[in-house]
Each structure stands twice: as C-alpha cells, then as structure tokens.
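Single-letter residue listing:
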Amino acid sequence: MSGETTKLNSQTTPSSQPADGRAVISCGVLLRFSSLNQSTESCDTQLSRIRSEAERDTIYRCTHANDRLVISDTHVWRGEAVSGRSQDRPELEAAKRAIRAKEIQALLVLDTSRAARRIKTLMSLVELADFYGCEVCFVLDRLSTGNPAHRKMLLMKGLIDETSNDMHAERTVAYMTARAEAGLSLGSLPYGYTSEATQTETRKGREVPSHFKIIIHAERSAIVRRIFSEYASGLGQGRIAKGLNQDGIPSPGQSHLRDGRVGGWSQRTVASILKNARYVGLWRWRMTKAVTNPDTGQRAFRARPQHEHVDMGPNGFIEDLRVVDGQTWEVVQRRIEETTRKRVTATDPSTRIFGQRKTSEADHILSGRLRCGGCGSNFVLVSGAHGGGYGCFQSHGKGTCPIHQTVQRVRVEAAVLQVVRGVLEDDAVVRAVADRYNALLRNQIGSGSVELDRLRHERDKQQTQAHRLVDYIAEGTASPTVRERLEQAEAQLSELSQKIVRLESARRDPLLLTSYAVRRRLGEVLALLEGDPVRARPVLAKLFPEPLRLHLVLSEGKRWGTYEVEGVVVVQANGEAGDSPVAKPFRVRAR
Amino acid sequence: MASEHEECILGSTGTSTKESPVDQLVDLIARLLLERDLAVNEYERRDDEAEQSDDAE
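Here the structure is a predicted model, which is why all the values come from computation and not from measurement.

(A) Examining the overall build of chain B more closely. When its secondary structure is counted, chain B shows 2 helices and 0 strands. The burial tally for chain B puts 35% of its 57 residues in the buried class. A total of about 3500 Å² of accessible surface is found on chain B, and carbon and sulfur atoms cover 45% of it.

Listed below in structure tokens is the structure:
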C-alpha cells in the first residue's frame, strides 16, 4: 500500500502534473451495504457510480475544486453486510487510518448514510478529516466538508439517516411482534425445536418460503426430556453432559464450531437447557434487550420491563410446544435452587460476593496457560487434593478426551520454574538482575536523603523549642505543665536523633547485591515468583509466548505415566528495535 | 510485602510493554528480591527495638 501511495503522492509534484496542468489528488472510497438481502454487488455498484462521476469530473468539492481526482485501488474500503449503526467497522477504521497517515487527500462516499447511520460516527469522521486536511465528498448529496456552509446540511442529513434507521427498526419490530403473537418463529430457536414454512412470499421477483411455524424436533426433544429426567432423578449436570458425549450425541453448537474447538456437551450447556422455560411451554418474546457499552463497545443484555414482553400464545403458553411436564419442571427448578444455595454457603464468604468470585485475578502462575497434548483443550484444576491437580477439561468436564490422568499443580509449576532457572543461569541475565536490584536500592537510599533532611529540620526545631523551655524554667516561673512539655520535647528529640543515625549509617554502607549473590539465591527467586502469582503470571505469559502443552508419556505396559511439559521460552532480550525475541523450544518432565 | 512507603519508592510494580520478556523477568525478580530484603530488614529492626525496650525495663 505504501508503495502505491508514494507513487500517487509523487504525481502531485509539478513534474508529474498531466498536460492539462491540474494537480492530481489521490482519493479513497468508502463503501457499505447493510443487509445480505441487498445485492452483494451493491459495493461494486456504488464504486462504479463514484468512479464515473470522478471521471466526468462532476463530484462537488471545495478545497480541491480545480484538481483532478484519482481513485487508488488500494484505498477502496468495503463494508459488506455491515450495519451503519455498528461501532465495530473495520472498513471505516481503515479509512480513518489512511486519513491520519495522510495517504489520501479526499475521501469519496456515495452519500452520508453509507459513511454511518449514527450522527455521532458521521461527525467524528468529518472532524478527523478536517483535522488532517482531508476533504470528504458525499457524491449524491453534493455536500463537501471543504465547504463550511455545508456543515449544517451534514448535521441535518446525519439526523435524517439516523431517524430513518430508527423508523426502519420500529417497522421491523412491529412486523416481528405480529409474527410472535401468531406463534411463528422469529429466527433462532432453542435446542429441541425446528420450524417449517407455512406460506411463500414473493421478494424481488423470487418465491421464498415464509411464516415459519415452530415445531418440536422429535429426536432432539427426546434428548431434552432425557436431560430433565436425569437431573430430576439426582444426576449432576456435569455427569449428564459426559453421558451424552459418551453416547455420541451431537451437542447444540456442534454444527458451528469455531476453528480449533473440540465441542461436545458441557455442564453449562446442560444448565442452560434446564433453566429454559420454553421447554415447559412458556414462550415469551422481547424479555431482554441488547445494549452496547459506549466506553468499550461491548454488547450486554438487559431485562426489559414486563409490559414490553410479547406473549407468543395465550398468556405466553403454547401447549403444543411443551416438551417437559410441569411436575418434572418443578422438581428440576427446586433442585437447581437448592444446589445454588448449597454452593454459595459452602464457599469461603471472604472470597465471594453475591455467590461469585470477588476477583478475576488468576490464583496460580500458570492459570490459563496449559493445554492438553492430546486434544488441545485447556488443562484446568480438576482436583483440590495436594495443592490442586490439573487435568484435561475435555476429559474431566465433558468426557470427550481419553487422557484422564491428573498431574499435581506443584509438579507442573516446578517443571516450568526449572526452565525459568535455565534462563537465569545466563551470566548476562544474572548481572542484569543484580544491576536492577542495585539501581532500585540506590534509588531508595537517594530518596532516604530527602527523609534525612526532613528529620534534621524537625530535630533543629525541637532543639530550639527545648532550649526556650529550659530558659523559661531557669527564670523560675514555670508551671508543672511546662516541665511536662519539656520532657515530651526531650523524648521526641531522642527519637529523631535515633532515626537520623540509622539513616546516616544506611547511606554510608549500602548493601549492594553481586551476581554471585543472585546466583546463590536462585532457589529463593523461584519461590518468590511462585508466591506472587498476580505479578508473576503476566511476566511468565510473555516469557512463554505460546501455551504450554502437557503430554502424557505412558509407563511401559501401564495405563498411566508421567506428564511432560512442552513449549517455547524466550531466552534473550530484544536486540535492535524491531527484532523479535529469540525463543527456544523445550520439553521437561513434570515430577 | 513492602510497606506503603517502600512501594512508593520502588515505584509501579507493573512492567513496560516495550521491554522484552527477559527484561520484564529481570525487573520483577529484582523487585521481589528487594521487597523481601526490605521486609526482612524491617522485621529485624523491630525485633532489635523490642529487645532493647525489654532490656531497658
């Protein structure tokens, strides 16, 4: 991209000016369409319209009114099936980057709604472009940010775009409410249900199925019944999940797994099914709404007030869609409530608030950094015995990985810390530790002199006061209160003198650390790292840039064996700026 | 653990993202060692003071 940009920018120099003598302005183009129902060629249509206007020189502009607009292929940003209200738009961010880097002098957009359907987003783009001297031209609107008089029009057009989007959303909700009240499907359905079209509609000249009726999926609803009856009979949620995996039943998310995920039923999947009231026939729509955190851009869900709920049957009840009988449902809900209460009261109250962990800090130096060598899933604490035991989550949580043996947490940590010890055996690293320690200590002693000055000043003040008191007593007019005050002053004076002597001796004799001493204290260093997981964990995560894999090496003729930790470790500091750190592979036994 | 005053002197315990992983490890170890030494020093000082006051009594 940079090479192309250089070429374009060089065209603006007089030597590269075309025969007509007009300067060439390199332009970027921002394209967007929102719905997959719109033609997927929509971006191409927008681009060809903009190109033809640019070639005919009919695009309204102010700053570059007499210049020739040239569109660079590397500066065309497409947002396909992206909502104009979305805050996460890679194409818009790419355009902003090019504006900041001054790669383009003008940005062409078909109309304001293609830039954004939020007035805030539109105006922030306009302000950014203004600051970096880039003119934004809205081709169909005949508006340009180069013309100050157009600012009010841009605000109005942005308001219209946002309002029309709101109205469109209201129409969609009204349409969906009618569908919901008729008990028709609105899209995603819980596990155990499917839908079938009851009508066809003509859209853009094509016959498409519509008005999908929700029906019970025979096989999957049997699984739902199995889950409810097993839980009601006393089986745990995790045990139910393992049983389903052992029987080879595909989990609800099995068909759309992200890359590298193993899938399978988990305790959480089972828990969410057991809490879903739709299985007992209660179908209500719009019980929650999605909101976006304006600070982080993250989505969250909030409960809607009851008057906004839409019943999908009489009082929200659809008998035909009931999978579980009322009695089983009651038993299951009572058990969930009891189990939750037991769990909350059984745990240490100092570590919990409202039944949840108070802190999100990891407890151990390798938390979240270990993977199973067999299936690639996380290695997590599955046992609390002997300081905790790590095991494969797929094996212990879902029963889908054959590697079931656990390994003591302390053994894995000791093995990894031995690798850290290896890094610390390098002379340069040990010297660096000693130098850093001494620099910190010198800093401490240096700041001690400030403290020393303060104490000396305080001592002088106390001394003057004590002298005055002594003179006063010598005159023979002192009361017992004055004598008491003199005693206090003398005590304070003595304490201050002691502090001064201590600090002065520390300044004279700083105990600096040598490389030899650091090497001798290596065992202590490892224990210190182990004892401070909150600070050690992020540093170790960088030192071991890839997750550590635990391989089970079976003993000969046995079903069990020993674990080996495999990974890469960064062994030396960065060289020149831009160099990547040198990483060395390792494999050590955890015992 | 270091006292509030010592923490202030030692500065932030966070590490810079510009440093290499080994530099960050070096910094953390130096801080942990110094904090330990200061804590031991402080403990011994208090112990000495307690002994002195016992002797005085």
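(B) A look at the overall build of chain A. When you go through chain A residue by residue, the secondary structure sums to 17 helices and 20 strands. Among the 591 residues that make up chain A, the fraction classed as buried is 37%. Taking all contacts inside chain A whose residues are at least 6 apart in sequence as the whole, residues at least 24 apart take part in 64%. Summed over its atoms, the accessible surface of chain A is roughly 33600 Å², and 51% of this surface lies on carbon and sulfur atoms.

(C) Structural view of the environment of E546(A). Residues and elements named next belong to chain A. Locating E546 in the fold gives a position in the loop between α17 (533-543) and β18 (548-554). C-alpha separation for the pair E546 and E566, spaced 20 residues apart in sequence, amounts to 9.9 Å. When near neighbours in sequence (up to four residues on either side) are disregarded, E546 contacts R369 and V568.

(D) Structural view of unusual backbone geometry. Residues and elements named next belong to chain A. In this structure, D57 is a non-glycine residue whose phi angle is positive, near 60°. Following the sequence through the fold, D57 ends up in the loop between α2 (42-55) and β2 (68-80). Since its relative accessible area comes to 33%, D57 is described here as partly exposed. Of note in this structure, K102 is not a glycine but carries a positive phi near 55°. By secondary structure assignment, the location of K102 is in the loop between α3 (90-100) and β3 (106-109). For K102, a relative accessible area of 52% corresponds to the exposed category.

(E) Spatial organisation of the sheet that holds strand β19 (residues 561-570) of chain A. Residue and element names in this part refer to chain A. Reading across from one edge, β14-β18-β19-β20 is the order of the 4 strands in this open sheet, with mixed pairing throughout. Two strands bound the open sheet, and with one partner strand each, they are β14 (370-372) and β20 (583-589). Pairs of neighbouring strands in the sheet enclose a mean axial angle of 30°, with direction left out of account. Relative to β20, β19 runs antiparallel, the two being bridged by 7 bridges. Within β20, the residue paired with V565 across the bridge is V588. Of the strands in this sheet, β14, β18, β19 and β20 touch helix α12 (residues 409-424), which is tilted by about 35° from β19.

(F) Highlighting the interface of chain A and chain B. The interface of chain A with chain B comprises 32 residues on the first partner and 25 residues on the second. Carbon and sulfur atoms supply 71% of the area buried between chain A and chain B, which totals about 2900 Å² over both sides. Joining chain A to chain B, the criterion identifies 4 salt bridges. Note that R521(A) and D37(B) form a salt bridge whose closest N and O atoms lie 2.8 Å from each other. Along the contact surface separating chain A from chain B lie 5 residue pairs in polar contact (both at pLDDT 80 or more). Going through the elements one at a time, α12, α13 (427-474), α16 (522-531) and α17 of chain A are the ones with two or more residues in the side of chain A that touches chain B. When residues of the side of chain A that touches chain B are assigned to their parent elements, the largest contribution, 10 residues, is made by α13(A). Within the side of chain A that touches chain B, the residues separate by chemical class into 20 nonpolar, 5 polar and 7 charged.

(G) How the structure looks around α17(A). All of the buried residues in α17(A) are P533(A), R535(A), A536(A), V539(A), L540(A) and L543(A). The buried side chains of α17(A) occupy one side of the element, clustering within an arc of 155° when seen end-on. In this structure, the buried residues of α17(A) make contact with α12, α16 and β19 of chain A together with α2 (21-56) of chain B.

(H) Focus on the nonpolar core. If you look at the biggest cluster of nonpolar residues, it comprises 56 residues, and the most contacted ones within it are V420(A) and F544(A). The element contributing the most residues to this core is α2(B), with 10 residues. For F544(A), the contacting residues outside a window of four places in its chain are R369(A), V416(A), V419(A), V420(A), V568(A), V569(A) and F586(A). Core analysis: the second largest hydrophobic core is formed by 30 residues, A180(A), W285(A), V323(A) and V324(A) among them.

Criteria and cut-off values
- Residues numbered from 1 in each chain as written.
- Chains lettered and ligands numbered in written order.
- Predicted model: local features only at pLDDT ≥ 70, side-chain atom pairs only at ≥ 80, totals over all residues.
- Heavy atoms only, no water.
- Helix = DSSP H or I, 4+ residues; strand = E, 2+ residues; numbered from the N terminus.
- Buried < 20%, exposed > 50% of the residue type's maximum accessible area, 1.4 Å probe, protein only.
- Areas by Shrake-Rupley, 256 points an atom, 1.4 Å probe, with all protein chains shown as cover.
- Contact = heavy atoms within 4.5 Å.
- Pairing = 2+ DSSP bridges.
- Axes fitted to C-alpha atoms, helices over the stretch in contact; angles between N-to-C directions.
- Buried area = accessible area lost by both parts, 1.4 Å probe.
- Salt bridge = Lys/Arg side-chain N within 4 Å of Asp/Glu carboxyl O.
- Polar contact = N/O pair within 3.5 Å; in protein donor to acceptor, adjacent residues only side chain to side chain.
- Nonpolar A, V, L, I, M, F, W, Y, C, P; charged D, E, K, R; others polar.
- Arc of directions from axis to C-beta.
- Core = buried A, V, L, I, M, F, W, Y, C linked by side-chain atoms within 4.5 Å.

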